[in-house]
Amino acid sequence: MSGTAKEKKIFEYLDYREFLKDYYNNKKANNPAFSLRVFSDKIGFKAKDFISRVMNGEKNLSSQSIPKVASGLRLGKHETEFFIGLVNFNQAETQENRDSAFAQMQAALKVARFAEKQHLLGHCQYMVYSHWRHLTIRSLIGLFG
């Protein structure tokens, strides 16, 4: 990816499905022959509609398929670690799992954060919105001065 305005790095995403859609759309824009079948083959899925169903939210990635997708997309070490955390974050069923996955994403971001200054505010924003009491207290401050 050459870094145009439409092409974002994985570290800029908080939804792995959006990342996959953007990846596919960028490849399709650069090569009209790139199709969902080619995309599925590149990632290594036998079912040609599986990746489409994942991107549309109909299916989730399994723990076995996450590294397979990362390898097929040729993600680097830190990008793969972030992608694994991102998938776990999006597919988490409990707040504890979500928090753990977000911490995993933040750990993978350490190197990229210093190099590219991305997601500096993302962690603070997540911490504010992660618990209802933060916004309640913020609202009460305005009432009592």
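Just so we're clear, the structure is a prediction, and the values are computed from it rather than from any experiment.

About the cut-offs
Residues numbered from 1 in each chain as written. Predicted model: local features only at pLDDT ≥ 70, side-chain atom pairs only at ≥ 80, totals over all residues. Heavy atoms only, no water. Phe/Tyr/Trp six-rings, centres within 6.5 Å; stacked < 30°, edge-to-face > 60°. Helix = DSSP H or I, 4+ residues; strand = E, 2+ residues; numbered from the N terminus. Buried < 20%, exposed > 50% of the residue type's maximum accessible area, 1.4 Å probe, protein only. Lys NZ or Arg CZ within 6 Å of the ring centre and 35° of its normal. Core = buried A, V, L, I, M, F, W, Y, C linked by side-chain atoms within 4.5 Å. Contact = heavy atoms within 4.5 Å. Axes fitted to C-alpha atoms, helices over the stretch in contact; angles between N-to-C directions. Parallel < 35°, antiparallel > 145°, perpendicular 65-115°, else oblique. Nonpolar A, V, L, I, M, F, W, Y, C, P; charged D, E, K, R; others polar. Left-handed = near helix turned anticlockwise from the far one by under 90°. Salt bridge = Lys/Arg side-chain N within 4 Å of Asp/Glu carboxyl O.

Q: Describe in detail the packing of aromatic side chains, supporting the description with residues and values.
A: Within the structure shown, the criterion is met by eleven aromatic pairs. Ring centres 6.3 Å apart and planes at 90° place the aromatic pair Y16 and F83 in the edge-to-face group. With a gap of 67 residues between them, Y16 in helix α1 (residues 16-30) and F83 in helix α5 (residues 77-91) connect regions that are remote in the sequence. Judged by its relative accessible area of 0%, Y16 falls in the buried class. An aromatic cluster of three or more residues is present, and its members are Y13, Y16, F19, Y23, Y24, F34, F39 and F83. The lysine or arginine in question, R98, covers the ring of F89, its NZ or CZ lying 4.6 Å from the ring centre.

Q: Just give me the short version of the nonpolar core, but keep the residues and values in it.
A: Where a protein is soluble and globular, its nonpolar side chains tend to be buried together. Grouped together as the largest cluster of nonpolar side chains are 33 residues, with contacts concentrated most on L20, F39, L61, L73 and F83. The set of elements that each furnish at least two residues to this core consists of α1, α2 (36-43), α3 (50-55), α4 (65-72), α5 and α6 (95-116). Among all residues touching L73, those that are not within four sequence positions of it are F19, L20, Y23, F39 and I43.

Q: Summarise the packing of α1 against α5; cite the residues concerned and give the values.
A: Where α1 contacts α5, the two axes come as close as 9 Å, and the packing angle between them is 125°. The pairing of α1 with α5 is recorded here as oblique in orientation. Across from Y16, R17 and F19 in α1, the residues of α5 making contact are F83, L86, V87, N90 and Q91. By residue class, the composition of the contact of α1 with α5 is five nonpolar, two polar and one charged.

Q: I'd like to hear about the packing of α1 against α2, residue by residue, with values.
A: In a packed pair of helices, the relevant descriptors are the angle between the two axes and the axis-to-axis distance. Between α1 and α2, the shortest axis-to-axis distance is 11 Å and the interhelical angle comes to 115°. Between α1 and α2 lies a crossing whose hand is right-handed. Contacts between α1 and α2 pair L20, Y23, Y24 and K27 from the former with L36, F39 and K42 from the latter. Taken together, the residues that form the contact of α1 with α2 break down as five nonpolar, no polar and two charged.

Q: If you had to explain the pattern of salt bridges to someone new, which residues and values would you point to?
A: Applying the stated criterion to the full structure yields two salt bridges. Measuring nitrogen to oxygen at the nearest pair gives 3.7 Å for the salt bridge that ties K21 to E18. In this pair, K21 and E18 are both assigned in helix α1, three residues apart and thus about one turn of the helix distant. Judged by its relative accessible area of 27%, K21 is partly exposed. For R53, the salt bridge identified is with E58, shortest N-O distance 3.5 Å. Of the residues examined, R53 reaches a relative accessible area of 31% and is grouped as partly exposed.

Q: Before we move on, could you go through unusual backbone geometry and cite the residues and values that matter?
A: A positive phi angle is found at R74, which is not glycine, with a value near 55°. Looking at where R74 falls in the secondary structure, it is placed in the loop between α4 and α5.

Q: Help me get a handle on the environment of L36, residues and values and all.
A: Locating L36 in the fold gives a position in helix α2. Overall, L36 belongs to the partly exposed group, its relative accessible area being 28%. Along the sequence, L36 and I51 sit 15 residues apart, while their C-alpha atoms lie 7.5 Å from each other. Apart from residues lying up to four places away in sequence, L36 is in contact with Y24, K48, I51, S52 and M55.

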